[in-house]
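# Structure at a glance
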Amino acid sequence: MASIDRERLGILLERERTSHLRRTPSSRAAFEAADHLFGRVPMTWMNKWSGGYPLYLAGAHGNRITDIDGNEYIDFALGDTAAMAGHSPKATVDAVTERIGGAGGITTMMPCTDAEWVAAELTRRFGLPLWSYSLTATDANRWALRIARMVTGRPKVMAFSYCYHGSVDETFVITGPDGDGDATHRGGNVGPAVPISQTTRVAEFNDIASVEAGLAHGDVAVLIMEPALTNIGIVLPEPGFLEAVRELCTKYGTLLLIDETHTISAGPGGCTAAWDLKPDIFVIGKSIGGGIPCGAYGVSEEVAAGVRANSEADLVDVGGVGGTLAGNVLSTAAMRATLGEVLTDEAFAHMITLATEFREGVEATLTAYDVPWSIAQLGARAEYRFVSPAPTNGTQSARAHDDELEEFLHLFMSNRGVLMTPFHNMALMCPETQRTDVVLHTRLFEAAVSELMTG
Ligand SMILES: Cc1ncc(COP(=O)(O)O)c(C=O)c1O
C-alpha cells in the first residue's frame, strides 16, 4: 500500500492554514477578542476546531451553516449528532415557539402531557417500558449508573477502553500499561474524584474474554456501552459479540446499559431495534430534541422494581438523581415534535442511503490510490480512519489517530465549503442532506487524497 509523504503533507497543510486565515478573518477576530471566556470559547472543547480558532456561527438551517464571514458550508458535523434532525427543523421550532411564546411557561415545576407521549414513543422505538428525563445524555448516564449501583448493591462499573459517554467520571477509562483489566485514566482527565480503578473495570471492545474476566469478579453493577464505538472512530461489533455480552451480563448479575446517543444513526430504533438488543437500562440524548437540550434514560420493570424495593432510595427529593430543569416542557415539546415529525422512518431511509453513497465514494478513492485507510458506516453516519483494515477495538483505533492528517483533511474540506466533525473524520446525514452534497464530498476527498499521494 502507498504511504504518506510527511514533507508533502506539511506543505499542503500550511497552504490550507493560510487559506483558512484568509477566508475567516471575522471568526479569528471574534476569538481574539473573547478575553472573558475560559479558553476563549463558551465551552473549552470548542477549541478543537482545526486552523487555530473555531468558526463563529451566523446561522444554520437544514444541513447548511453560515459563518460570520459569510461563508456557507454543507454541514456533515451536525453538532456531533445533536443536530441529526437538521438545523432548526420546522416542526421542532414551531413546537418550542408555541411553548415559549404561545402557551408560555418554560419552567413551572409542573409536567405537561408531552412527557408521556415522548416516553411512549421511546418505548415503541427502543423497548424499555419506563422513562425519566435529563437535559443531557451525560446526566442520564450518571443517574442511570447510580440506579444500577443501588439495585445491584455492587460498587463498580464496567466500560470499554476509549469509550465516551459524556463527562461521566466512571467511564473516562482506557486499558493501562499492564494490559488486560488494568483500568487507567484516559489522558487529560480534568480533576478525577478518585483513581478510576476504584470505580471501574475496563474491557476491550470485541474481546469477550476481557469482558468475562472483569465481570467474573462479581462486583460490577453495570456494563455501560455503545453497541458500536463512535467516539474513537466508528468501531463496529464483530458477529456474536453483542449477544455474548448480553449472556455474560445475565450470567454474572450485571445490568447492561446501552447508550445510543450516537448509534441512533443505525435507524429509528437505533441498534437496539435493528439488532434486537436487550438492555436493562437505555440512555439517549442530543438528537431526539432537535438540538434543544434533552436526555432520557429508560429502565426495565425489574430495574424499576429494584429501586422501589429499596427503602433508602430517595428519588423524590435530593437522592442524587435529577435536576430542576430536567424534563422541562421545552425539552419534552422539542422531543415530541422531533421524534414525531422529523426523525421519522422515511427520514432515516433517506439518510442511510446517502451515508452508504458517502462510504462508497470514499472506498472508491481509497482503492484507486491504494491508501492504507478504512471507512466504517453505521446507518446514517460514516467515518474514515487512518488505518487498514478497520480497527476492532478502541485501543487500536486510538493508535491510528493522526493530528496532522486530520487537520489537513478538515481544512481542505472547510476551505471548499464542507464541514466534517471537528473531533473526528465523521460525516452524518440529516433529513435535508442531498445527494449533491455527498457527491461534492466524494469529489473533494478524491482531490485531497490525489494531492497527498501523487503531489
Ligand atoms: C455515546 C455518548 N453518550 C453520551 C454523550 C454525552 O452527551 P451530552 O454531551 O449531550 O451530555 C455523548 C457525547 O458525545 C456520547 O457520544
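For the structure itself, look to the data block above.
Residues numbered from 1 in each chain as written. Predicted model: local features only at pLDDT ≥ 70, side-chain atom pairs only at ≥ 80, totals over all residues. Heavy atoms only, no water.

The next thing to look at is the state of the cysteines. Taken as a whole, this structure holds zero disulfides when the rule is applied. The thiol sulfur of Cys112 is not disulfide-bonded, and the nearest other cysteine sulfur, from Cys294, lies at 14 Å. A disulfide-free cysteine, Cys430 has its sulfur positioned 17 Å from the sulfur of Cys294, the nearest such atom. On the accessibility criterion, Cys430 (0% relative accessible area) is buried. (Disulfide = S-S within 2.5 Å. Buried < 20%, exposed > 50% of the residue type's maximum accessible area, 1.4 Å probe, protein only.)

A separate point is the layout of surface pockets. Of the volumes computed, that of the second largest pocket is approximately 950 Å³. What lines the second largest pocket is a set of 34 residues, among which Ser132, Tyr133, Gly322, Ala326 and Gly327 lie closest to the centre. Listed by contribution, the elements that provide at least two residues to the lining of the second largest pocket are α4 (114-126), β4 (130-134), α5 (137-152), β12 (295-299), α9 (301-308) and α10 (329-342). The class makeup of the residues in the lining of the second largest pocket is 22 nonpolar, nine polar and three charged. (1 Å grid on protein atoms, 1.4 Å probe; cavity = no way out; pocket = protein on both sides within 12 Å on 5 of 7 lines; lining within 4 Å. Points joined across faces, edges and corners; volume = space filled by probe spheres on them. Helix = DSSP H or I, 4+ residues; strand = E, 2+ residues; numbered from the N terminus. Nonpolar A, V, L, I, M, F, W, Y, C, P; charged D, E, K, R; others polar.)

Moving on to helix α6 (residues 208-215). Listing the buried residues of α6 in full gives Ser210, Val211, Gly214 and Leu215. Buried residues along α6 cover an arc of 130 degrees about the axis, so they all sit on one side. In this structure, the buried side of α6 is in contact with β5 (156-160), β8 (200-203), β9 (220-225) and α7 (241-252). Two to three positions downstream of the cap, the backbone nitrogen of Ala209 sits 3.2 Å from a side-chain oxygen, assigning the N-cap of α6 to Asp207. (Arc of directions from axis to C-beta. Contact = heavy atoms within 4.5 Å. Polar contact = N/O pair within 3.5 Å; in protein donor to acceptor, adjacent residues only side chain to side chain.)

Bringing empty space enclosed by the protein into the picture now. Throughout the structure, instances matching the rule amount to two cavities of 30 Å³ or more. Tallying contributions element by element places helix α13 (residues 403-414) first for the lining of the largest cavity, with three residues. Per-class residue counts for the lining of the largest cavity are five nonpolar, four polar and no charged. Surrounding the second largest cavity, Ile234, Ser374, Ile375, Ala376, Glu383, Arg385, Ala390 and Pro391 form its lining. Within the residue set of the lining of the second largest cavity, elements represented by two or more residues are β13 (374-378) and β14 (381-385). For the lining of the second largest cavity, the leading source of residues is β13, giving three residues. Its residues assigned to classes, the lining of the second largest cavity comprises five nonpolar, one polar and two charged.

In this section: the pairing of strand β10 (residues 255-259). With five of five residues buried, β10 is to be regarded as a mostly interior element. Residues Leu255, Leu257 and Asp259 point to one face of β10 and Leu256 and Ile258 to the other, with burial holding for every one of them. As defined by bridge partners, β9 adjoins β10 across four bridges and the pair is classed as parallel. Bridge pairing in β10 places Val222 opposite Leu255. (Pairing = 2+ DSSP bridges.)

Further remarks concern the pattern of salt bridges. When the charged atoms of two side chains with opposite charge come close together, those side chains can pair. Taken as a whole, this structure holds 24 salt bridges when the rule is applied. Across the pair Arg15 and Glu16 runs a salt bridge, and its minimum N-O distance is 2.7 Å. Exposure remark for Arg15: the relative accessible area of 35% places this residue in the partly exposed category. The class for Glu16 is buried, based on a relative accessible area of 1%. Overlapping salt bridges, with partners in common, bring together Arg15, Glu16, Arg416 and Glu451 in one network. (Salt bridge = Lys/Arg side-chain N within 4 Å of Asp/Glu carboxyl O.)

A few words now on the sheet that holds strand β2 (residues 64-67). Sheet architecture is open: four strands sit in the order β1-β2-β3-β15, paired in mixed fashion. This sheet does not close on itself; its edge strands, each paired only once, are β1 (57-61) and β15 (418-419).

So, on to the site of the ligand. If you check the shell around the ligand, you find 14 residues, and the closest are Thr138, Asn231, Asp259, His262 and Lys286. Take Asp259: an N or O atom from its side chain is 2.6 Å from a nitrogen atom of the ligand. In this structure, an oxygen atom belonging to the ligand sits 2.8 Å away from a side-chain N or O atom of Lys286. Summarising the interface, the protein chains cover 86% of the accessible area of the ligand, which totals 390 Å² for the free molecule. (Near = heavy atom within 4 Å. Areas by Shrake-Rupley, 256 points an atom, 1.4 Å probe, with all protein chains shown as cover.)

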